[in-house]
Amino acid sequence: MDLTLLYYLVPSIIMFACGVYGFITRKNLIAILISLELMLNSIDINFVVFNRFLFPGQMEGMFFALFAIAIAAAETALAIAIVINIFRVAKSVDVQNLTKMKF
Amino acid sequence: MDYSQFLFMHHEIGVLIVFLLVFLFDTFLPARYQSKLAVTSCVLFGIYTVLSFFTPLDNAEAFSGMFVTSPIVASIKNILNVGMFIVLLQSIQWNNSDHEVIRRGEFIELMLVTLFGMYLMVSARHFLLFVIGLETASLPLAALVAFEKKQYESHEAAVKYLFTAVFSSAIYMLGLSFVYGFAGSLYFNDIAVACGLAEGSMLLYVALAFVVAGIGFKISLVPFHLWTADVYQGAPTSVTSYLSVVSKGAAAFAAFIVLTQAFGTVYSAVWEWMLYALIILTITIGNLFAIRQTNMKRFLAFSSISQAGYIMLGVIAFNATGIAALSYYVLIYVVSNLTAFGVIQAIENATDKVDMTDYNGLYKTNPKLAFAMMLAMFSLGGIPPFAGFFSKFFIFSSALAEGSVAMYVLVLIALINTIVSLYYYLLVVKAMFINPNDNPIPTFRSHWTERAGLVICVAGVLLIGLVSCIYTFLNQAASVSQLF
């Protein structure tokens, strides 16, 4: 069986959609963070696949994916630090408790 | 590799030097000098700000076109410098307060790093560099928002800011991956060519919708504005003022650069109408929500949302006057908004009060602060002798330059909203000057740094509109910058 562009793109878009769904529905901050990671990783797949199948002569997409991974790692580190701080002050990592400020 | 190309990055090198000096001071000098850290770094940054006005203005590029500098880009960076300097000046007293003293260095260093990221956003002509700049500008800001370690609101604001920021960059980068899919390159020039060829393709619409949504999150355009008010309220006031002027200004410039340089060829076909709808929504809903706020920081958050709508008029204008009017608007917005935040911060440091009802009768006890706040409100509302009127005038005229009926309708809606905005700006003035209060904020004398910051801002509000050479200079810089 020939693996074409679509065999990679469709799972990647499904992955992104799962991330968006999880971001909106999850109550736990850590679960929301995992959903965000899912979205960022599906973008990396997109870049690498476009590069590999459509523009095999160059490396731009691969490099973008590498940098995007590094950026995602930085984001996770920061988010975890802030979630730990939230847990220290509020004794919970549930988004439903983070409603002191609204409207 | 040709190392001389680094020499074109005047501003970046300058801010890196300031960063390194502050970092060395913070790390290696003995404890008895540390109380001078905030003032020293402010002075260092001030020297750099003044020097940066004298850097040569020319068109140059580095890293095979990834990084571009031109007269208007250099002027934009100078405007950001001015905002950053005033924010640093106003933050000194808060930074030296007992509970912040241990993290004094980090605050200034993180601010300088975000400024570096904003420079990259404005100068980038390749999406890899642009995304790195964007993340460098937004990630340390989340740490800054969470800076009041003992306060719950600060952490709630940081979670909301960071998660929406990452979510928006994910959406943005998904759009970029589609752009890469049909353009085969991430250089703005190549994308512009590919967009022109791909006009009418569905992929282009989807990709641009994602990119515009991602940018909209950063500038807090309505429907992507929901994080703004909470973050502004929860963050320390110095960080709020930084977010609302420097960060927003840089994002607006970046939006202009990306939309005109990379997607300029499909302006009227694709993104003009997206932006048109966003601007109307932003100005109107920002204004309507501002009316019902009682917390001053939330109030200014919604006011800054509607101001972002006005700023985007310079982008939709899509001409060289547009970027000149946009930079001019941001400059005036910097001084007016920092006047308001300077007053709020002075009162918060002295009494811990941020509600609008607390400001009742402020004129009786602190006439100078009330007067400065009044000037800021008049300028933000656009009352003629003050700077805000001129910035609104130029941005409206740049949007009307093309002369289409749609643009006239847009400017008409913006004008009607200006009148609505006058109502809530004057509510603050009424609270300070007319409303009686049995228990007003007591008379106090604010710290000299806060007074110095307010004097600079008030001078800006009074003078920038009248000194016409500033706009002439920006217009001249924009026309020789090879943007169109």
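Residues numbered from 1 in each chain as written. Chains lettered and ligands numbered in written order. Predicted model: local features only at pLDDT ≥ 70, side-chain atom pairs only at ≥ 80, totals over all residues. Heavy atoms only, no water.

Asks: Could you clarify how one ought to interpret the overall build of chain B in this entry?
Replies: Check the secondary structure of chain B and you find 19 helices and two strands. Computed over its C-alpha atoms, the radius of gyration of chain B comes to 21 Å, within 12% of the 23 Å expected for a compact globule of 484 residues. Taken along its principal axes, the extent of the C-alpha atoms in chain B is 70 × 55 × 45 Å. Among the 484 residues that make up chain B, the fraction classed as buried is 65%. (Helix = DSSP H or I, 4+ residues; strand = E, 2+ residues; numbered from the N terminus. Rg over C-alpha atoms; globule rule 2.2 N^0.38 Å. Buried < 20%, exposed > 50% of the residue type's maximum accessible area, 1.4 Å probe, protein only.)

Asks: How should I be thinking about empty space enclosed by the protein in this particular structure?
Replies: Unoccupied space between atoms shows up once a probe the size of one water molecule is rolled over them. Residues and elements named next belong to chain B. Enumeration according to the criterion identifies five cavities of 30 Å³ or more in this entry. Here the largest cavity defines a volume of roughly 200 Å³. Around the largest cavity sit 18 residues that line it, and Ser-138, Tyr-161, Lys-218, Trp-227 and Ser-247 are the ones nearest its centre. Of all the secondary-structure elements, those providing two or more residues to the lining of the largest cavity are helix H4 (104-123), helix H5 (127-145), helix H6 (152-183), helix H8 (202-219), helix H9 (226-234) and helix H10 (237-262). Of the residues in the lining of the largest cavity, the class split is 12 nonpolar, four polar and two charged. (1 Å grid on protein atoms, 1.4 Å probe; cavity = no way out; pocket = protein on both sides within 12 Å on 5 of 7 lines; lining within 4 Å. Points joined across faces, edges and corners; volume = space filled by probe spheres on them. Nonpolar A, V, L, I, M, F, W, Y, C, P; charged D, E, K, R; others polar.)

Asks: What am I meant to see in the pattern of salt bridges here?
Replies: A pair can form between side chains of opposite charge whenever their charged atoms are brought close. All names here are of chain B. This structure, assessed with the given rule, holds five salt bridges over all chains. In this structure, Glu-156 and Lys-160 form a salt bridge, with 2.7 Å as the shortest nitrogen-oxygen distance. Of the two residues, Glu-156 and Lys-160 both sit in helix H6, four residues apart, roughly one turn of that helix. Of the residues examined, Glu-156 reaches a relative accessible area of 0% and is grouped as buried. Across the pair Asp-230 and Lys-160 runs a salt bridge whose closest N-O atoms are separated by 2.9 Å. Of this pair, Asp-230 sits in helix H9 while Lys-160 is found in helix H6, placing the two residues 70 residues apart along the sequence. (Salt bridge = Lys/Arg side-chain N within 4 Å of Asp/Glu carboxyl O.)

Asks: I'm lost on the interface of chain B and chain A in this one. Help?
Replies: In many reports, interface size means the accessible area that the parts give up when they come together. Counting residues at the interface gives 45 residues for chain B and 40 residues for chain A. Between chain B and chain A, the buried area comes to about 3900 Å², and carbon and sulfur atoms account for 79% of it. Seen at the junction of chain B and chain A, the total is one salt bridge. The closest approach of N and O atoms between Lys-100 of chain A and Glu-153 of chain B, which form a salt bridge, is 2.7 Å. On the surface where chain B and chain A come into contact, there are 11 residue pairs in polar contact (both at pLDDT 80 or more). Taken together, the elements giving at least two residues each to the side of chain B that touches chain A come down to H5, H6 and H9 of chain B. A total of 23 residues in the side of chain B that touches chain A trace back to one element, the largest contributor, which is H6 of chain B. By residue class, the composition of the side of chain B that touches chain A is 26 nonpolar, 10 polar and nine charged. (Contact = heavy atoms within 4.5 Å. Buried area = accessible area lost by both parts, 1.4 Å probe. Polar contact = N/O pair within 3.5 Å; in protein donor to acceptor, adjacent residues only side chain to side chain.)

Asks: What am I meant to see in unusual backbone geometry here?
Replies: Glycine aside, a negative phi is what most residues show, and trans is what most peptide bonds show. Across the junction of Val-222 of chain B and Pro-223 of chain B, the peptide omega takes the value -5°, indicating a cis bond. Structurally, Pro-223 of chain B can be placed in the loop between H8 and H9. Although it is not a glycine, Lys-91 of chain A sits at a positive phi angle of roughly 60°. Phi is positive for Ser-220 of chain B, which is not a glycine, with a value near 55°. Turning to its location among the elements, Ser-220 of chain B is positioned in the loop between H8 and H9. Among the residues examined, Ser-220 of chain B registers a relative accessible area of 0% and is labelled buried.

Asks: Where do I start with the packing of helix H1 (residues 5-25) of chain A against helix H2 (residues 29-54) of chain A in this structure?
Replies: In helix packing, the relevant descriptors are the interaxial angle and the interaxial distance, both defined with respect to the helix axes. Residue and element names in this part refer to chain A. Running from amino to carboxyl end, H1 crosses H2 at an angle of 160°, the nearest separation of the two axes being 8 Å. Considered as vectors, H1 and H2 are oriented roughly antiparallel to each other. Between H1 and H2 lies a crossing whose hand is left-handed. Grouping the amino acids of the contact of H1 with H2 by side-chain chemistry returns 19 nonpolar, seven polar and no charged. (Axes fitted to C-alpha atoms, helices over the stretch in contact; angles between N-to-C directions. Parallel < 35°, antiparallel > 145°, perpendicular 65-115°, else oblique. Left-handed = near helix turned anticlockwise from the far one by under 90°.)

Asks: What's the story with the environment of Lys-160 of chain B in this structure? I'm lost.
Replies: Spatially, the C-alpha atom of Lys-160 of chain B lies 34 Å from that of Leu-412 of chain B, the residues being 252 residues apart in sequence. Among residues more than four places away in sequence, those in contact with Lys-160 of chain B are Leu-98 and Met-101 of chain A together with Trp-227, Asp-230 and Val-231 of chain B. Polar side-chain contacts of Lys-160 of chain B include one of 2.7 Å to the side chain of Glu-156 of chain B. At 2.9 Å, the side chain of Lys-160 of chain B forms a polar contact with the side chain of Asp-230 of chain B.

Asks: Hey, could you run me through the packing of aromatic side chains in this one?
Replies: The geometry of an aromatic ring pair is captured by two quantities: the separation of the ring centres and the angle between the planes. Enumeration over the complete set of coordinates arrives at 37 aromatic pairs over all chains. Summarising the aromatic geometry, the rings of Phe-127 of chain B and Phe-263 of chain B are spaced 6.2 Å apart at their centres and angled 35° between planes, so their arrangement reads as tilted. Here Phe-263 of chain B lies in the loop between H10 and helix H11 (267-291) and Phe-127 of chain B lies in helix H5, a separation of 136 residues in the sequence. A relative accessible area of 0% means that Phe-127 of chain B is categorised as buried. Here the basic side chain of Arg-52 of chain A rests over the ring of Phe-53 of chain A, its NZ or CZ set 5.4 Å away from the ring centre. Its guanidinium or amino end placed over the ring of Phe-147 of chain B, Arg-103 of chain B lies 5.3 Å from that ring's centre, counting from NZ or CZ. (Phe/Tyr/Trp six-rings, centres within 6.5 Å; stacked < 30°, edge-to-face > 60°. Lys NZ or Arg CZ within 6 Å of the ring centre and 35° of its normal.)

Asks: Help me understand H8 of chain B, please; the structure alone is not making it clear to me.
Replies: Along an α-helix, residues three or four apart share an orientation, since each turn contains 3.6 residues. Compared with an ideal rise of 1.5 Å per residue, which puts 18 residues at 26 Å, H8 of chain B spans 26 Å between its outermost C-alpha atoms and is within 8% of the ideal. Looking at H8 of chain B, one finds that the buried residues are Leu-204, Ala-207, Leu-208, Val-211, Val-212, Ala-213, Gly-214, Ile-215, Gly-216, Phe-217, Lys-218 and Ile-219 of chain B. (Expected span 1.5 Å × (residues − 1).)

Asks: How should I be thinking about helix H3 (residues 71-95) of chain B in this particular structure?
Replies: Residue and element names in this part refer to chain B. The end-to-end C-alpha distance of H3 is 35 Å, a good match for the 36 Å that 25 residues give at a rise of 1.5 Å each. The sharpest bend along H3 measures roughly 25° and falls at Leu-89. With 22 of 25 residues buried, H3 is to be regarded as a mostly interior element. (Bend = angle between axes of the 7 residues up to and from the residue.)

Asks: How should I be thinking about the confidence of the model for chain B in this particular structure?
Replies: Segments scoring low in pLDDT should not have their predicted coordinates read at a detailed level. For chain B, per-residue confidence averages 91 on the pLDDT scale, and 100% of positions sit at 70 or higher. ipTM for the predicted complex: 0.95, alongside a pTM of 0.94. (pLDDT = per-residue confidence, 0-100.)

Asks: In this structure, what is going on with the environment of Met-39 of chain A? I would like to understand it.
Replies: By the element assignment, Met-39 of chain A lies in helix H2. Separated by 16 residues in the primary sequence, Met-39 of chain A and Phe-23 of chain A place their C-alpha atoms 9.4 Å from one another. Non-local contacts of Met-39 of chain A, meaning those with residues more than four positions away in its chain, are made with Phe-16, Gly-19 and Val-20 of chain A together with Phe-167 and Ala-170 of chain B.

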